[in-house]
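Spelled out, the chains give:
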There are 2 protein chains.
Amino acid sequence: MPQAPTYSDVEQAAARIEPYAHRTPVLRSRLINEELGADVVFKCENFQRMGAFKFRGAFNALSRFTPEQRRSGVVAYSSGNHAQAVALSASILGIPATIVMPHDAPPSKVAATKGYGGEVISYDRYTEDREEIGRTLAAERGLTLVPPYDHPDVIAGQGTASRELFTEVGELDALFVPLGGGGLLSGAALARSALSPDCQLYGVEPEAGNDGQQSLRRGEIVHIDTPKTLADGAQTQHLGAYTFDIIRREVTDIFTATDSELLEGIRIFASTMKIVVEPTGCLGFAAVRARAADLRGKRVGVILSGGNIDAARLAALLPA
Amino acid sequence: MPQAPTYSDVEQAAARIEPYAHRTPVLRSRLINEELGADVVFKCENFQRMGAFKFRGAFNALSRFTPEQRRSGVVAYSSGNHAQAVALSASILGIPATIVMPHDAPPSKVAATKGYGGEVISYDRYTEDREEIGRTLAAERGLTLVPPYDHPDVIAGQGTASRELFTEVGELDALFVPLGGGGLLSGAALARSALSPDCQLYGVEPEAGNDGQQSLRRGEIVHIDTPKTLADGAQTQHLGAYTFDIIRREVTDIFTATDSELLEGIRIFASTMKIVVEPTGCLGFAAVRARAADLRGKRVGVILSGGNIDAARLAALLPA
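Computed from a prediction, not measured in an experiment: that's the story for all the values here.

Each value, and the rule that gives it
Residues numbered from 1 in each chain as written. Chains lettered and ligands numbered in written order. Predicted model: local features only at pLDDT ≥ 70, side-chain atom pairs only at ≥ 80, totals over all residues. Heavy atoms only, no water. Pairing = 2+ DSSP bridges. Helix = DSSP H or I, 4+ residues; strand = E, 2+ residues; numbered from the N terminus. Phe/Tyr/Trp six-rings, centres within 6.5 Å; stacked < 30°, edge-to-face > 60°. Buried < 20%, exposed > 50% of the residue type's maximum accessible area, 1.4 Å probe, protein only. Contact = heavy atoms within 4.5 Å. Buried area = accessible area lost by both parts, 1.4 Å probe. Salt bridge = Lys/Arg side-chain N within 4 Å of Asp/Glu carboxyl O. Polar contact = N/O pair within 3.5 Å; in protein donor to acceptor, adjacent residues only side chain to side chain. Nonpolar A, V, L, I, M, F, W, Y, C, P; charged D, E, K, R; others polar. Right-handed = clockwise from strand over helix to strand, strands pointing away. Least-squares fit on C-alpha atoms with pLDDT ≥ 70 in both. Disulfide = S-S within 2.5 Å. Arc of directions from axis to C-beta. Axes fitted to C-alpha atoms, helices over the stretch in contact; angles between N-to-C directions. Parallel < 35°, antiparallel > 145°, perpendicular 65-115°, else oblique. Left-handed = near helix turned anticlockwise from the far one by under 90°.

## Considering the sheet that holds strand S8 (residues 200-206) of chain A
All names here are of chain A. The six strands are arranged S1-S2-S10-S7-S8-S9 in an open sheet whose pairing can be described as mixed. Looking at the sheet topology across the chains shown, the edges are occupied by strand S1 (26-27) and strand S9 (253-257). Here S1 pairs with strand S2 (residues 39-44) via two bridges, running antiparallel. Bridging from a neighbouring strand, Leu27 pairs with Phe42 of S2.

## Describing the packing of aromatic side chains
If you walk through the whole model with that rule in mind, you get 17 aromatic pairs over all chains. Considering the side-chain rings of Phe55(A) and Phe59(A), the 5.5 Å spacing of their centres and the 40 degrees angle between planes classify their relative orientation as tilted. Here Phe55(A) pairs with Phe59(A), and both are found in helix H3 (residues 54-62), just four residues apart, close to one helical turn. Exposure remark for Phe55(A): the relative accessible area of 0% places this residue in the buried category. Pairing Phe269(B) with Phe285(B) gives two aromatic rings, centres 5.0 Å apart and planes at 45 degrees, and the pair type is tilted. Placement of the pair is Phe269(B) in helix H12 (residues 259-273) and Phe285(B) in helix H13 (residues 283-290), with a sequence separation of 16 residues. Following the ring pairs from residue to residue traces out a cluster consisting of Tyr20(A), Phe55(A) and Phe59(A).

## Concerning the interface of chain A and chain B
Taken together, the contact between chain A and chain B spans 24 residues of the former and 24 residues of the latter. The junction of chain A with chain B conceals about 2000 Å² of combined surface from both sides, 63% of it contributed by carbon and sulfur atoms. At the surface where chain A touches chain B, the tally comes to zero salt bridges. On inspection of chain A and its partner chain B, the count reaches six residue pairs in polar contact (both at pLDDT 80 or more). Going through the elements one at a time, helix H12 (259-273) and helix H15 (311-317) of chain A are the ones with two or more residues in the side of chain A that touches chain B. For the side of chain A that touches chain B, the leading source of residues is H15(A), giving four residues. Considering only residue class, the side of chain A that touches chain B consists of 15 nonpolar, six polar and three charged.

## Side note on the pairing of strand S3 (residues 74-77) of chain B
Residues and elements named next belong to chain B. By the alternation rule, side chains of S3 split into Val74 and Ala76 and Val75 and Tyr77, which are all buried. In this sheet, strand S4 (residues 97-102) lies alongside S3 in parallel orientation, the contact comprising four bridges. In the sheet register, Val75 faces S4, and the bridge partner there is Thr98. Regarding topology, helix H5 (residues 81-93) serves as the crossover connection from S3 to the parallel S4, and that connection is right-handed.

## Overview of the relation of the copies chain A and chain B
One chain copy maps onto the other through a rotation about an axis and a shift parallel to that axis. Here chain A sits on chain B after a turn of 180 degrees about the axis and a move of 0.0 Å along it, with an RMSD of 0.0 Å. Taken together, these values place the two copies in the relation of a two-fold axis. By residue overlap, the copies meet face to face through one surface: 100% of the interface positions of chain A are interface positions in chain B.

## A look at the state of the cysteines
In total, this model carries zero disulfides over all chains according to the counting rule given. The structure places no disulfide on Cys199(A), whose sulfur is separated from the nearest cysteine sulfur, that of Cys44(A), by 17 Å.

## Concerning helix H1 (residues 7-17) of chain B
All names here are of chain B. Listed in full, the buried residues belonging to H1 are Tyr7, Val10, Ala13, Ala14 and Ile17. For H1, the buried positions fall inside an angular range of 105 degrees around the axis, keeping them on one side. Against helix H3 (54-62), helix H8 (152-169) and helix H9 (183-195) lie the buried residues of H1.

## Things to note about unusual backbone geometry
Note: most residues except glycine have negative phi, and most peptide bonds are trans. Its identity is not glycine, yet Met50(A) carries a phi of approximately 50 degrees, on the positive side. With relative accessibility at 10%, the residue Met50(A) sits in the buried group.

## Regarding the packing of helix H5 (residues 81-93) of chain A against helix H6 (residues 107-115) of chain A
All names here are of chain A. Contact geometry of H5 with H6 gives a least axis separation of 8 Å together with a crossing angle of 15 degrees. Taken together, the axes of H5 and H6 lie roughly parallel to each other. You can see that H5 and H6 cross each other, and the crossing is left-handed. Facing H5, whose interface residues are Asn81, Ala83, Gln84 and Ala87, H6 presents Lys109, Ala112 and Thr113. Its residues assigned to classes, the contact of H5 with H6 shows three nonpolar, three polar and one charged.

## As for the pairing of strand S10 (residues 299-304) of chain A
Along any regular strand, the residues point their side chains to alternate faces of the sheet. Residue and element names in this part refer to chain A. Burial analysis of S10 places five of its six residues in the buried class, the great majority of the element. Bridging between S2 and S10 involves six bridges; their strand directions are parallel. What sits directly across from Lys43, in S10, is Ile303. As paired elements, strand S7 (residues 174-178) and S10 share three bridges and run parallel to each other. Looking across to S10, one finds that Leu175 is bridged to Gly301.

## With respect to H6(A)
Helical geometry note: an α-helix holds 3.6 residues per turn, so side chains three or four residues apart project in the same direction. All names here are of chain A. For H6, the set of buried residues is Lys109, Val110 and Thr113. Buried residues of H6, viewed axially, fall in a sector of 100 degrees; they line one side. Across from the buried face of H6, at angles greater than 90 degrees, the exposed residues are Pro107 and Gly115. Packed against the buried residues of H6 are H5, strand S4 (97-102) and strand S5 (119-123).

## Regarding the environment of Leu36(B)
Residues and elements named next belong to chain B. Mapped onto the elements, Leu36 comes out in helix H2 (residues 30-36). Along the sequence, Leu36 and Arg289 sit 253 residues apart, while their C-alpha atoms lie 7.3 Å from each other. Apart from the residues lying within four places of it in its own chain, the contact partners of Leu36 are Phe285, Val288, Arg289, Ala292 and Arg296.

## Some details on the pattern of salt bridges
Residue and element names in this part refer to chain A. As enumerated under the stated definition, the model contains 30 salt bridges over all chains in all. Two residues, Arg64 and Asp153, come together in a salt bridge whose shortest N-O distance is 3.0 Å. Placement of the pair is Arg64 in the loop between H3 and helix H4 (67-72) and Asp153 in helix H8 (residues 152-169), with a sequence separation of 89 residues. Looking at Arg64, the relative accessible area reads 44%, which means it is partly exposed. Through salt bridges that share partners, Lys43, Glu45, Arg56 and Glu164 make up one connected network.

Interpretation in functional terms is not warranted from these geometric data alone.
Structure representation (C-alpha cells):
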C-alpha cells in the first residue's frame, strides 16, 4: 500500500499540473462580506479545466504512471466529474482511458467523457457493482485503476487547490471545504498544515449523507446508503482509508448543509457574484452562512469545488 | 464644452479608480478556443463592482467634482447600470446623489440604487422626458448632471477596462466591444491606440437598434426609436457627440447581433464558462461567433460588459 501523502507531495503535484491546469481565480464579494461581517475569499474551482477540482488529482495520478502503465491504459468508475477528469488527463498524456459509468448518467457527462476520447462502459447501477467491474477490467486488460479519492496521488493533486489559495491570500482563520469521499478535504489539510497552521479546517457534507460527521465522532469509517441530495458530487457512501486518516487528525469539525441551503447558495452565486456553481460546490458557503455569528471579523476561505450543472437544471433551480 | 478625452485621461482615470474598482479577471475557455480556432480572451466586467463596467466611468467623473460640486450633489438619469454606478460612486465619495428612474424600472435596480444611499425620483417614461427632469433638478438644486456616456470623464473611465485587458494580455488582433451610447467603445479606442495600435476594433449593437452602424456609414449621428431588444443596456437612441467623434475615426466596423444570438451566448457562458452575463454583455461574443471564419488563428479580445440579470429572468432565458 503506497505511503500516505504529505505536503511535499502536494508541492510536487503542483509542479506537475502547473502547465496543464488553470490557476483558478480567487473572488470576493463586498456585498457578501458586508452581510456576513467577515472577509470571505472564494477559490473558484468551477473555473478549473472540465469544470471542477477533480482534474488536479486525476492528472497528478496519471502523470505518475510508469511507461508500462501508460501503454496499457487507465480505468476509472464515476458518474460525474472524476470520469471527465480522468478522460481529459488521459487524453493530454496519451494514455488510453476506459470509464465505467452508470447507464443512466446524464447524457452531457457521457458525451463530455467520450469527447475527451475515453471509452465508456455502461453498467446498471441497481444490479451491478461498479468497483467489481472496474477491478475485472483492470485485471483482464492490465489497466491501472485510479480511484476517485482514496489514493495518495489523487489527494496530493487536490491539495494544490488550497495551496494556491493560501499562496495567493496568505493565512486564514478558517477554511470550509466540500466533503464527499474526502480527497479535496484531506488535500486541504496537507496545505493548511504547511501554509496556515492556525487556520481552522472544516469539511461540509450534505445533511442527508453525514457519514463523514458520524465517522469523525465515532473515530471509525461509517458506511451509509447512497444519500438523496442535490449535491450529486458528494453522494459517497463512506470516506477512504487515506482520507479518513488525515481528516480524523487534521479537521476541526464537519458540518452539514440542507438542499435548501445549497439552493440558496446557487442563487446568491448567480445573482451577486455572477458565477455558476454546482450544488456540491455550494456546501462550504452554506456552512459559512449558517455560522456567520462565529465568523464575524475573521478571514474565511471557501472552496467552490465545481460548476458542472446542466443549463436546464440550473434554470429549474433558480427562483421562478 | 470640455476637451475630448485622450489616452492620458484614461491613465489618470486608472489611477483614480484603482483603490475602489476591481481589476476584473480575464478568462479563457479552451473549449471555445477549439471550436472557434482562435485565442479568445474575455474581460469580465460582470465581476466589476455593482456588476458592470459603468462603475469605472461614473467614479472617475464624480471624483473630478470640485468641493462645491461635491457639497451640492450629483444627478443622473438611468433605468439601469449607470444609476447604480453613480449611486455607489457618490456613496463612496460622500456626495449626495439623486437618480431619475422610470416608475417601471425593475424593483431590484431601484432597491440597489436606494441601497447605495441614492434618492430615487420616478417619472413616467411614456409621458415625461427624463433629460428635461434631470436638467430641471440640476438647475433648481444646483446639482451636477453626470450623463451615462457622452462625457470625457465617463469615456476615460470606461477606457480603463480595455487598458487593463491590453496590459494583462498584450497586443491583440481584434477587440469586440458592446455598443449602446458608445462610452465603452470610445474608451476602448483610446486604450487601443496607445497599447495595441494594430488591433482591429469592432463595436457590436443589437440588430433592432443599429443606429451606431447607420451613423458610421452615413458619417453623422443617426437617431432611432428606442429599440426592442433583450440587450436592455444598449437601448440607446443615438450616439453622443464625444463618443461618435472618436468612433468614426477609430473603429474598424460596427456589427449587430440578434436576440437569439445573445440568448445562445448567455447559455454558453453559463454552461461552458460558468459565468453569468447579462444580454448586453453577450454582444461582443455573438459577433465573434458569427465571424469565426475570419478570426481563425487570431488573438481576439471580447469585453463582457456586465452581469446584472435577475435570477428569475436568467432562469427564463436558459433552455428548458
